[in-house]
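# Fold and contact review
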Amino acid sequence: MQEQRIVRKVITHIHLDEAFALYMALKYGKHIFQGIETATRDYASHAKKPLEQIMADQELWIGCGGDIDEHCNGKTSRLPNTSASRIMAKRINILHDPNIVSMVKEVTYFDNNIGCPKHHLGSLIKMFKMNRPGGERVAMRWALRIIQAIHVRLTRYPLPDSHEIPLGDFMEGLLKHACFEDSDAATGLRKLLEKEFVNEDPLVFGLQSIYQSLWRSSTFTHIPERRQDVMDEMEHILSLLYIDQVKFHSFRRIVKSPEFDGKFRLEVENSEGSITEVKAVATVDQADNPQAHNAMRSDQAMITVIKGSRGQVSILGNIKLAKERGLLASLDEGLNSLVAMLRFIDLPAADRKTVNWDVLRCRGNCPGDPHWYLGDQNWLALFNGTQNHDAQPTRLTLKEIRAVMLQAFVPEYVEQWKKDHQVPDNKCYVVPVQSGFQHYSSIRYMEALLFQNN
């Protein structure tokens, strides 16, 4: 028998993973999470209290460090090959439903891998949150509506009716009447859409599925009203995609201009042990353009660095280019060294005497360091805070970060850097137990571990 609990408040953040988990709880989990349909909602990056207190306060934290979260201690590490949606489906015992399984599988895949397509609901939710008034609350209502439409189509209307217009024809009609001021963005948008028009294996949460689901799940019985209902929603999605393209191309023009001075070269040791040079770009993006990294990577940059207006930094590798040049493993290893170096010099001087190098290289967050989060293997992603996970801005300037990067991707240079900075060799170091590591009792933690194998 499933554990029952009273829920007076739901705390989450607006990603597809968490939105789908909330949808399943609202539709199928009311017998377990009693009161969830009337519970208030709030939005946070991670829980600041242990699970026992969350339960006592009659709260449900989804994807923020409670028991419905693949991050087993709230924000530091994550269980592989799982997601908040999968944990929720397991908890309320609905993984026997093949439609739910297909939805959970896709959400989990993109939650564990870099590269969610632009027209995918996971990307559209982020665009909605950034570009529409109302923030998380309005974005969550919109996300739940789309998720419900997709689920209804999968369950009840798998085949089109005689009035359903093909996606390509429908969107062409919208594009003819659209007024786009940025010609580069308009061209990019059309190319993005045309790929989806001919896609014979659409994603469950992709644009084809969203369109078909809106059409078939519409409550309007008269075709003109249904067409208008779908048109309103697809025009909204089209505007989100166009805004995203505008941001990409506006920053790409900056990167391509002769006045742009952010480019530099990095030495990287490849798999054969020889050293090769790659292009890198570092810049201060005061507009916090979410497409800045993509724009710089489109100029064949292997590593890109952004220091935003709040002082937080993100460092991303060009996975596609790294694979083409056979440098993925070398760059991933280099980022392990880079995060250790950045964590070390971000620490107060007194704390540098007691650290362990291998601990500083750990993925996720490092115990004792509030600044840097290293992504999973082969993600080539290093963050000083993200949209949903706050972090103290690094004290390092962009110039200092660039200087460290010049040493981080050749092991010989790293060893010399450690000597120059007197990094201790604390082989007997014991990782401190922080309160965040105690979110799970041994039973809950082992239960969560099982999710990755089911």
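The residue count restarts for each chain, going from 1 along the sequence in the order it is written. Where local features are concerned, this predicted model is filtered to residues with pLDDT of at least 70; where side-chain atom pairs are given and counted, the filter is 80 or more; whole-chain, interface and lining totals use all residues. Hydrogen atoms and water are omitted, and side-chain values are computed over all heavy atoms in the structure.

## Re the overall build of the protein
The line we're drawing: Under the DSSP-based scheme used, a helix requires at least four consecutive residues in state H or I and a strand at least two consecutive residues in state E, with every element numbered from the N terminus. Only C-alpha atoms enter the radius of gyration; for comparison, a globular chain is expected to reach 2.2 Å times N to the power 0.38, where N is the number of residues. Partly exposed residues are those whose accessible area sits between 20% and 50% of the maximum for their type, while under 20% is buried and over 50% is exposed, using a 1.4 Å probe and protein chains only.
Helix and strand content of the protein: 17 helices and 12 strands. The C-alpha atoms of the protein give a radius of gyration of 23 Å, which matches the 22 Å a tight globule of 454 residues would have. With respect to the three principal axes, the spread of C-alpha positions in the protein is 75 × 60 × 40 Å. When burial is assessed residue by residue, the protein has 53% of its 454 residues classed as buried.

## Quick notes on the sheet that holds strand β2 (residues 9-12)
Operational definition: The rule for pairing is simple: two strands pair if DSSP sees at least two bridges between them. Angles run from 0 to 180 degrees between N-to-C directions of axes, and those axes are lines fitted to C-alpha atoms, restricted for helices to the stretch in contact.
With parallel pairing, the 3 strands of this open sheet are ordered in space as β4-β2-β5. Each edge of the open sheet carries a strand with a single partner, namely β4 (40-43) and β5 (59-61). On average, each strand axis in the sheet is tilted by 20° relative to the strand beside it, whichever way the strands run. Bridge count between β2 and β5: 3 bridges; the pairing is parallel.

## Examining the pairing of strand β8 (residues 303-308)
Look at any regular strand and the pattern is simple: side chains alternate between the two faces of the sheet. The buried count for β8 comes to 6 of 6 residues, which makes it a mostly enclosed element. Here β8 shows a buried face lined by Ile303, Val305 and Lys307 and a second buried face lined by Thr304, Ile306 and Gly308. Where strand β7 (residues 275-285) and β8 come together, 6 bridges link them in parallel fashion. Among the inter-strand pairings, Val284 is bridged to a residue of β8, identified as Lys307. Summarising the sheet, β8 and strand β9 (residues 313-317) pair through 5 bridges and their orientation is antiparallel. From the neighbouring strand, Thr304 faces β9, where its bridge partner is Leu316.

## Observations regarding the pattern of salt bridges
We count it as follows: Each reported salt bridge corresponds to a side-chain nitrogen of Lys or Arg within 4 Å of a carboxyl oxygen of Asp or Glu.
As enumerated under the stated definition, the model contains 23 salt bridges in all. Put simply, Arg265 and Glu277 hold a salt bridge, and the shortest N to O gap is 3.7 Å. Pair noted here: Arg265 is in strand β6 (residues 263-269) and Glu277 is in strand β7, with a separation of 12 residues, a long-range link. Given a relative accessible area of 42%, Glu277 falls into the partly exposed group. Here Asp346 makes a salt bridge to Arg395, at a shortest N to O gap of 3.7 Å. Residue Asp346 is found in helix α13 (residues 328-346), and its partner Arg395 is found in the loop between β12 (381-383) and α15 (398-408); the two are separated by 49 residues along the sequence. A relative accessible area of 1% places Asp346 in the buried class. Owing to a relative accessible area of 51%, Arg395 belongs among the exposed residues under this scheme. Each of Lys256, Lys263, Lys279 and Asp299 takes part in salt bridges that share partners, so that together they form one network.

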